[in-house]
Amino acid sequence: MADFDVLVLGAGSGGYACALRAAQLGLSVGLVEKGKVGGTCLHVGCIPTKALLHAAEVADNARESEQFGVRATLDGIDMPGVNAYKDGVVARLHKGLTGLVKSRGITVVEGAGRVTGDRQVTVTGDGGAQVLTGRHLVLATGSRSRSLPGLEVDGERVLTSEHALRLEHVPASVVVLGGGVIGCEFASVWRSFGAEVTIVEALPRLVAGEDEASSKALERAFRKRGITFRTGTPFQSVKTTDDGVAVTVEGGDVIEAELLLVAVGRGPVTEGLGFEEAGVRTERGFVLTDESCRTGVEGVYAVGDIVPGLQLAHRGFAQGIFVAEHIAGLDPTPLDETAIPRVTYSHPEVASVGLDEAAARAAHGDDGIEILTYDLGGNGKSQILKTQGFVKLVRRTDGPVIGVHMVGDRVGELIGEAQLIYAWEAHADDVAPLVHAHPTQNEALGEAHLALAGKPLHAHS
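Residues numbered from 1 in each chain as written. Predicted model: local features only at pLDDT ≥ 70, side-chain atom pairs only at ≥ 80, totals over all residues. Heavy atoms only, no water.

Caption draft 1: Local environment of the packing of aromatic side chains. Overall, the coordinates contain two aromatic pairs when judged by the stated rule. Look at tyrosine 16 and phenylalanine 317: their rings are 6.0 Å apart centre to centre, the planes differ by 75°, and that puts the pair in the edge-to-face class. Placement of the pair is tyrosine 16 in helix H1 (residues 13-24) and phenylalanine 317 in helix H8 (residues 313-327), with a sequence separation of 301 residues. Overall, tyrosine 16 belongs to the buried group, its relative accessible area being 17%. Looking at phenylalanine 317, the relative accessible area reads 34%, which means it is partly exposed. Their ring planes at 45° and their centres at 5.5 Å tell us that phenylalanine 186 and tryptophan 190 sit as a pair that is tilted. With phenylalanine 186 and tryptophan 190 both in helix H6 (residues 181-192) and four residues apart, the pair spans about one turn of that helix. Take phenylalanine 186: its relative accessible area is 3%, and that puts it in the buried class. (Phe/Tyr/Trp six-rings, centres within 6.5 Å; stacked < 30°, edge-to-face > 60°. Helix = DSSP H or I, 4+ residues; strand = E, 2+ residues; numbered from the N terminus. Buried < 20%, exposed > 50% of the residue type's maximum accessible area, 1.4 Å probe, protein only.)

Shown next as structure tokens:
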């Protein structure tokens with residue numbers, strides 16, 4: 001007799017979502033976690049970094065208040081105060097989540113779990129070891145910060161994002177290794193706090209997973225803000241100096257700074273957890289699954305960052321819900337990975353859903369797609385906020401919109417409507433008649449679709 005209907009290993013976004021939904025559907029649930037319920041996203045990822053980014057926005061508002069006719073001065077950044085604000089947000093959310101998990105009758109087992117048999121997990125904690133079994137086992141062990149071969153993270157001069165979240169001072173200068181989402185977000189924060197920032201990225205552009213136009217817009221904005229970046233520039237080595245670090249890049253240039261942030265992506269946490277011994281197939285540490293998150297071992301599923309694809313909390317969350325419903329015998333629709341919204345919360349923000357222009361051209365040919373770009377300069381709320389950027393639409397010729405790409409402050413708040421447009425395969429003519437409140441940035445989406453439908457009210461390109 002199994003201890004639980006559903007045994008979940010890992011209580012991050014994917015694991016706790018699966019546990020909550022399974023319990024809601026009347027299944028008995030065990031949730032194994034060696035750290036805190038909420039995982040990376042809540043404690044050392046999305047939530048604390050976005051709190052830092054909001055503090056950075058407040059700093060910028062104070063520094064630039066005169067342009068709005070408000071006389072304010074920025075006396076400085078009190079990092080202990082910033083951290084207290086950030087930690088308070090995390091603590092309140094953690095308290096709410098643990099209360100919710102408890103109220104659903106989920107058994108939380110604290111300790112390090114390892115798969116030791118058929119749908120069996122041995123948990124080692126303060127009270128020794130205990131063996132748990134489930135009719136179904138869900139692997140949700142998440143990810144950790146990656147480094148590069150020969151690059152030693154010491155937590156003092158050479159940091160990961162986890163270390164960066166605990167800094168008690170604003171560094172005078174930072175080299176950020178990696179121009180992806182995490183690198184660009186921290187670069188944005190530190191620049192707002194007054195640091196000199198240099199991003200080193202081996203790929204040809206910043207946020208290389210985004211549409212090329214979005215990358216160019218972000219690079220322009222970063223240049224204007226005084227953030228230095230070196231794209232197409234692989235890292236070679238780092239040595240610590242009396243004052244900080246000396247980073248050597250390909251070509252021999254040396255960049256000196258107080259700190260080096262290693263933001264080269266996140267790797268799956270699967271090693272040594274008994275997955276392969278249990279028959280679960282992995283590739284470079286990632287667990288291979290079908291579209292229903294099944295591993296190929298009877299009754300064993302995997303969700304979140306350990307599954308190849310976008311490493312986003314909301315993807316893991318959605319997969320967790322899907323798996324719970326699948327186990328409960330419902331007929332949930334598998335996730336469309338392309339319909340998952342993506343946001344970089346830098347200043348300005350970058351947000352997208354669907355295919356970028358290059359992928360759309362590869363799939364449908366040059367004649368098979370149409371592109372329309374609407375400049376936020378024509379949007380009243382964006383003018384009020386003094387932000388610049390665009391809404392770029394990609395559609396199949398005379399067909400549905402298959403990609404939405406946006407750059408500008410707060411565009412992450414627009415991605416919800418963009419996701420509906422993409423996921424419901426809306427045509428420009430379907431969106432054009434919808435009334436968008438004025439003045440909002442949402443209007444920019446409406447105006448862009450009006451223009452794409454052949455009814456442009458304002459200039460567009």
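Caption draft 2: Quick look at unusual backbone geometry. Each neighbour pair has its own omega, and for histidine 347 with proline 348 the value is 5°, a cis peptide bond. Relative to the elements of secondary structure, proline 348 occurs in the loop between strand S20 (342-344) and strand S21 (349-354). In the segment running from histidine 438 into proline 439, the intervening peptide bond is cis, with an omega of -5°. For proline 439, the position within the fold is in the loop between helix H12 (428-431) and helix H13 (442-452). A positive phi is found at arginine 119, a non-glycine position, where the angle reads about 50°.

Caption draft 3: Local environment of the pattern of salt bridges. In this structure the tally under the stated criterion is 19 salt bridges. A salt bridge links glutamate 325 to arginine 21; the shortest N-O distance between them is 2.8 Å. One end of the pair, glutamate 325, is in helix H8; the other, arginine 21, is in helix H1, and 304 residues separate them in sequence. Note that glutamate 212 and lysine 216 form a salt bridge whose closest N and O atoms lie 3.6 Å from each other. Residue glutamate 212 and its partner lysine 216 are located together in helix H7 (residues 212-225), separated by four residues, close to a single helical turn. (Salt bridge = Lys/Arg side-chain N within 4 Å of Asp/Glu carboxyl O.)

Caption draft 4: Representation of the layout of surface pockets in the model. Here the second largest pocket defines a volume of roughly 1100 Å³. What lines the second largest pocket is a set of 38 residues, among which His347, Pro348, Lys386, Thr387 and Asp409 lie closest to the centre. Elements that contribute at least two residues to the lining of the second largest pocket include exactly helix H3 (46-63), H6, H7, strand S22 (369-375) and helix H10 (380-385). No other element matches H3, which puts seven residues into the lining of the second largest pocket. Here the lining of the second largest pocket is built from residues that sort into twelve nonpolar, 13 polar and 13 charged. (1 Å grid on protein atoms, 1.4 Å probe; cavity = no way out; pocket = protein on both sides within 12 Å on 5 of 7 lines; lining within 4 Å. Points joined across faces, edges and corners; volume = space filled by probe spheres on them. Nonpolar A, V, L, I, M, F, W, Y, C, P; charged D, E, K, R; others polar.)

Caption draft 5: Layout of the sheet that holds S21. Strand order across the open sheet formed by five strands is S20-S21-S24-S23-S22, with antiparallel pairing between neighbours. Bordering the open sheet on either side are S20 and S22, each of which pairs with just one other strand. Within this sheet the neighbouring strands show an average axis-to-axis angle of 10°, counted without direction. (Pairing = 2+ DSSP bridges. Axes fitted to C-alpha atoms, helices over the stretch in contact; angles between N-to-C directions.)

Caption draft 6: Geometry of the packing of H3 against helix H4 (residues 79-103). Close contact between H3 and H4 brings their axes to 9 Å; oriented N to C, the two are set at 140°. Compared by their axis directions, H3 and H4 come out oblique. Two packed elements cross with a definite hand, and for H3 against H4 that hand is right-handed. Contacts from Ile47, Pro48, Ala51, Leu52, His54 and Ala55 in H3 reach Met79, Val82, Tyr85, Lys86, Val89, Val90 and Leu93 in H4. (Parallel < 35°, antiparallel > 145°, perpendicular 65-115°, else oblique. Left-handed = near helix turned anticlockwise from the far one by under 90°. Contact = heavy atoms within 4.5 Å.)

Caption draft 7: Focus on the side chain of glutamate 258. In this fold, glutamate 258 is placed in the loop between strand S14 (254-257) and strand S15 (259-262). Put simply, glutamate 258 is tucked away with no salt bridge, and the nearest opposite charge, on arginine 157, sits 5.2 Å away. (Lys, Arg positive; Asp, Glu negative; His and termini not counted.)

Caption draft 8: Quick peek at the sheet that holds S15. Read across the open sheet, the five strands follow the order S8-S15-S9-S10-S11; overall the sheet is parallel. Strands with a single pairing partner mark the edges of an open sheet, and in this sheet they are strand S8 (158-159) and strand S11 (228-230). When strand S10 (residues 196-200) meets S11, the two strands line up parallel, connected through three bridges. Within S11, the residue paired with valine 200 across the bridge is arginine 230. Running at roughly 165° to S10, H6 makes contact with strand S9 (173-177), S10 and S15 of the sheet.

Caption draft 9: Local environment of empty space enclosed by the protein. For the structure on display, the rule yields two cavities of 30 Å³ or more. One number sums up the size of the largest cavity: a volume of about 50 Å³. Along its surface, the largest cavity is lined by Leu52, Met79, Ala164, Leu167, His169, Pro171, Phe186, Val189, Trp190 and Phe193. No other element matches the three residues that H6 contributes to the lining of the largest cavity. Of the residues belonging to the lining of the largest cavity, the class tally is nine nonpolar, one polar and no charged. As a volume, the second largest cavity reaches approximately 30 Å³. Around the second largest cavity sit Ser145, Ser161, Ile182, Val262, Ala263, Gly265 and Arg266, which together line it. Partitioning the lining of the second largest cavity into residue classes produces three nonpolar, three polar and one charged.

Caption draft 10: Spatial organisation of the side chain of glutamine 441. Structurally, glutamine 441 is set in the loop between H12 and H13. Overall, glutamine 441 belongs to the buried group, its relative accessible area being 7%. Within polar-contact distance, the side chain of glutamine 441 engages the backbone oxygen of aspartate 409 at 3.0 Å. For glutamine 441, the residues in contact, after removing those within four places along its chain, are Leu376, Asn379, Lys381, Ser382, Leu385, Thr387, Asp409, Arg410 and Leu414. (Polar contact = N/O pair within 3.5 Å; in protein donor to acceptor, adjacent residues only side chain to side chain.)

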